[in-house]
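# Survey of secondary and tertiary structure
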Amino acid sequence: MEVKKIFLPESELPRQWYNIQADMPTPMEPPLHPATGEPVGPDDLAPIFPMPLIEQEVSQERWIDIPEEILEKYLLWRPTPLYRAYQLEKYLETPARIYFKNEGVSPAGSHKPNTAIAQAYYNKISGTKRIATETGAGQWGSALAMCCALFGLECNVWMVKISFNQKPYRRIMMETWGAKCVASPSTLTQAGRQILEQDPDSPGSLGIAISEAVEAAVTGEGSKYALGSVLNHVMLHQTINGLETQKQMAIAGDYPDVVIGCAGGGSNFAGNCLPFVRDKIHGKEIDIIAVEPTSCPTMTQGPFAYDFGDTVQMTPLLPMHTLGHGFVPEPIHAGGLRYHGMAPIISQLILDDLIRAVAIPQLETFQAGITFARTEGFISAPETDHAVAIAIREALKAKEEGKEKVILFNWSGHGLVDMAAYEAYLSGKLEDHALAEEQIKRALKEIEPLPKPRQFTG
Amino acid sequence: MDKRPTPPNDDMRIRCPRLGHQVPFSYCRIENRGLPCFKTLDCWHSHFPVADFLKNALSPEEWEKTFERPVKPKTVSLLELIEKAKQVGKEGS
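Let me sum up the structure you'll find in this document. The model shown is predicted, which means the values in this text are computed figures rather than measured ones. Position labels on residues start from 1 in each chain and follow its written sequence. All chains are assigned letters beginning at A, and all ligands numbers beginning at 1, according to the order in which they are written. Under the rules for a predicted model, residues below a pLDDT of 70 receive no local features and side-chain atom pairs below 80 are neither given nor counted, while totals for whole chains, interfaces and linings still include all residues.

## Thoughts on the overall build of chain B
Using the following cut-off: Each helix is a run of DSSP H or I of at least 4 residues and each strand a run of E of at least 2, with the numbering of both proceeding from the N terminus. We compute the radius of gyration over the C-alpha atoms and compare it with the globule rule, which gives 2.2 Å times the number of residues raised to the power 0.38. The burial criterion counts other C-beta atoms lying within 10 Å of a residue's C-beta, which is placed from the backbone; the residue is buried at 20 or more, exposed at 12 or fewer, and partly exposed between these limits. Residue pairs qualify as contacts under a 7 Å threshold applied to their C-beta atoms, which are placed from the backbone.
The helix and strand inventory of chain B stands at five helices and two strands. Each helix and strand of chain B, placed in order from N terminus to C terminus, yields the pattern β-β-α-α-α-α-α. For 93 residues, the compact-globule formula gives about 12 Å, and the C-alpha radius of gyration of chain B, at 16 Å, lies well above that figure. Referenced to the eigenvectors of the C-alpha coordinate spread, the extents of chain B come out at roughly 55 × 30 × 25 Å. The buried share of chain B, reckoned over its 93 residues, is 41%. By sequence separation, contacts in chain B at least 24 residues apart represent 42% of the contacts at least 6 residues apart.

Written as structure tokens, this is what we have:
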């Protein structure tokens with residue numbers, strides 16, 4: 001019988017996280033404080049984060065030891081199994097060998113506890129009594145709720161009201177783990193009360209929920225705040241995933257030609273892929289693909305070029321991923337996709353050509369999710385389906401080329417509380433529209449006469 | 001598939017990449033304290049002419065505020081929220 005799951009013994013659990021900042025060809029520039037214009041210092045963030053996390057946020061150390069107390073908790077679900085997707089390979093009739101790392105086996109059902117447990121621990125040892133956070137559908141909120149329970153911390157989650165009403169199961173999960181889950185906007189904070197005064201029926205937003213959570217952290221005795229994506233320390237904690245995967249691939253006697261992850265805020269992508277980015281920096285030939293859950297093709301189809309930041313050409317020329325300043329949607333011009341919710345580390349690695357970004361239509365992701373469920377059995381979270389879809393594309397490409405490629409993707413979480421999205425797909429309520437090639441060509445013509453930046457990719 | 005000419009009603013919901021579940025256009029339209037979410041054009045442009053619709057619906061100032069201002073790095077927006085919260089703390093004490 002062929003080996004389906006590659007387990008790593010608990011004794012082989014990685015003892016350190018990997019910090020890509022030590023190896024990045026283009027070092028990250030520190031953010032500047034909006035009030036002083038000076039680089040942000042540890043004291044600036046101290047009102048909301050404990051000092052060990054702030055130190056990790058700016059650390060340039062390549063390896064950071066994982067405290068024993070965190071390792072003990074990781075053992076609840078780690079090391080997670082690496083699967084060989086034999087049934088999917090057979091269905092696709094591909095010569096490719098497909099592996100997926102199953103992060104859905106954590107108690108909260110996703111990769112999010114990898115950082116939630118670390119954040120809860122560092123808060124605990126720093127004297128924090130309660131952690132405040134915000135959540136949408138609740139994947140992050142439920143992970144933090146569980147991890148706070150494991151370290152005896154209170155957890156207050158401001159859940160966007162529209163999500164609070166639509167996603168009761170995640171809310172109940174948080175409450176089961178002892179968290180207090182509040183619909184945002186709430187009357188508990190000044191930020192929430194202001195919104196409710198203006199609009200008592202406000203459905204809330206992530207922005208409002210973040211304002212409430214930060215206010216609770218800053219004004220509450222013994223309170224801090226936690227974030228589940230984007231920041232450097234979050235990417236760092238997630239790397240335990242990729243470090244395990246490297247050991248498991250070695251057990252399997254394989255090494256990936258292609259590594260794939262879905263990139264929203266960047267944390268699930270970073271977790272599996274960053275250790276492989278390190279290998280790529282040191283000479284390995286790997287295609288590392290960040291799959292965008294978006295319909296806007298700018299980052300994937302637009303070159304990195306100088307363009308105006310606005311349609312009326314009043315701003316200075318800015319280097320950015322662009323399809324021309326006349327192209328809609330304009331948000332891309334206003335700062336570039338690199339800051340649209342994506343971790344700065346991931347954005348920079350894309351710019352440095354170490355990672356390739358790919359956008360994929362919504363319907364293809366759900367079709368892939370259905371194919372995966374009917375071959376490998378697991379029902380993926382909709383975000384995870386983006387990685388599944390590109391893995392299928394790559395496997396079919398290998399079939400066309402007759403190549404025995406090794407494909408690895410991060411299966412970041414199950415979709416058992418996301419069935420409404422599958423229902424919409426199965427009942428035909430979702431639709432896709434492709435952007436016309438002609439429209440893209442017309443848009444790009446606008447930037448032809450402009451000077452080209454050093455990192456021009458056109 | 002041809003785009004519809006006007007915003008879809010609330011029966012049609014697409015996945016919000018920020019919240020992680022399905023939302024109607026009517027939510028995206030007011031998500032940012034009454035103004036559209038900054039990703040509205042990105043998410044809806046393939047479903048109907050959302051930019052044309054919003055350019056008519058918003059004042060030039062609202063359009064600029066929503067879509068043409070650079071998005072701040074996360075750390076910077078957190079620092080701004082910390083300063084606001086400190087002010088709330090001072091007023092409350």
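## Details of the sheet that holds strand β6 (residues 130-135) of chain A
Residues and elements named next belong to chain A. Definition in use: DSSP-based pairing: two strands are paired if at least 2 bridges between them are found. Axes, fitted as lines to C-alpha atoms, cover a helix only where it is in contact. Angles between the N-to-C directions of the axes lie from 0 to 180 degrees.
The sheet built from four strands is open, its strands ordered β8-β7-β6-β9 with parallel pairing. Each edge of the open sheet carries a strand with a single partner, namely β8 (180-184) and β9 (223-225). Pairs of neighbouring strands in the sheet enclose a mean axial angle of 25 degrees, with direction left out of account. Two elements, β6 and strand β7 (residues 154-160), share six bridges in a ladder whose sense is parallel. Bridge pairing in β7 links Thr 135 to Met 159.

## Quick notes on the pairing of strand β11 (residues 287-292) of chain A
Each regular strand carries side chains that alternate between the two faces of the sheet. Residues and elements named next belong to chain A. With five of six residues buried, β11 lies mostly within the body of the structure. For strand β10 (residues 258-262) and β11, the ladder comprises five bridges, and the chain directions are parallel. Looking at the pairing, Val 259 lines up with Ile 288 of β11. Bridge analysis of β11 against strand β14 (residues 356-359) gives four bridges, and the strand direction is parallel.

## Concerning unusual backbone geometry
Residues and elements named next belong to chain A. Residue Pro 79 is reached from Arg 78 by a cis peptide bond, and omega for that bond is -5 degrees. Position of Pro 79 relative to the elements: it lies in the loop between α3 (68-74) and β4 (82-84). Phi at Glu 93 is positive, roughly 55 degrees, even though this residue is not glycine. Mapped onto the elements, Glu 93 comes out in the loop between α4 (86-92) and β5 (97-102). One non-glycine residue with positive phi stands out, namely Asp 353, at about 65 degrees. Among the structural elements, Asp 353 can be located in the loop between α15 (344-351) and β14. Judged by C-beta crowding, with 11 C-beta atoms within 10 Å, Asp 353 ranks as exposed.

## Here's the deal with helix α16 (residues 362-375) of chain A
This is how the line gets drawn: The length a helix should cover is 1.5 Å for every residue beyond the first. In this description, the arc belongs to the directions extending from the helix axis to the C-beta atoms.
The terminal C-alpha atoms of α16 of chain A lie 20 Å apart, and with 14 residues this matches the ideal 20 Å at 1.5 Å per residue to within 8%. Among all positions in α16 of chain A, only Gln 362, Thr 365, Phe 366, Ala 368, Gly 369 and Phe 372 of chain A are buried. Seen along its axis, α16 of chain A keeps its buried residues to an arc of 155 degrees; they face one direction. In this fold, the buried residues of α16 of chain A make contact with α4, α17 (382-401) and α18 (419-426) of chain A together with β1 (13-15) of chain B. Positive phi shows up at Gly 377 of chain A, right after α16 of chain A, with a value of about 95 degrees.

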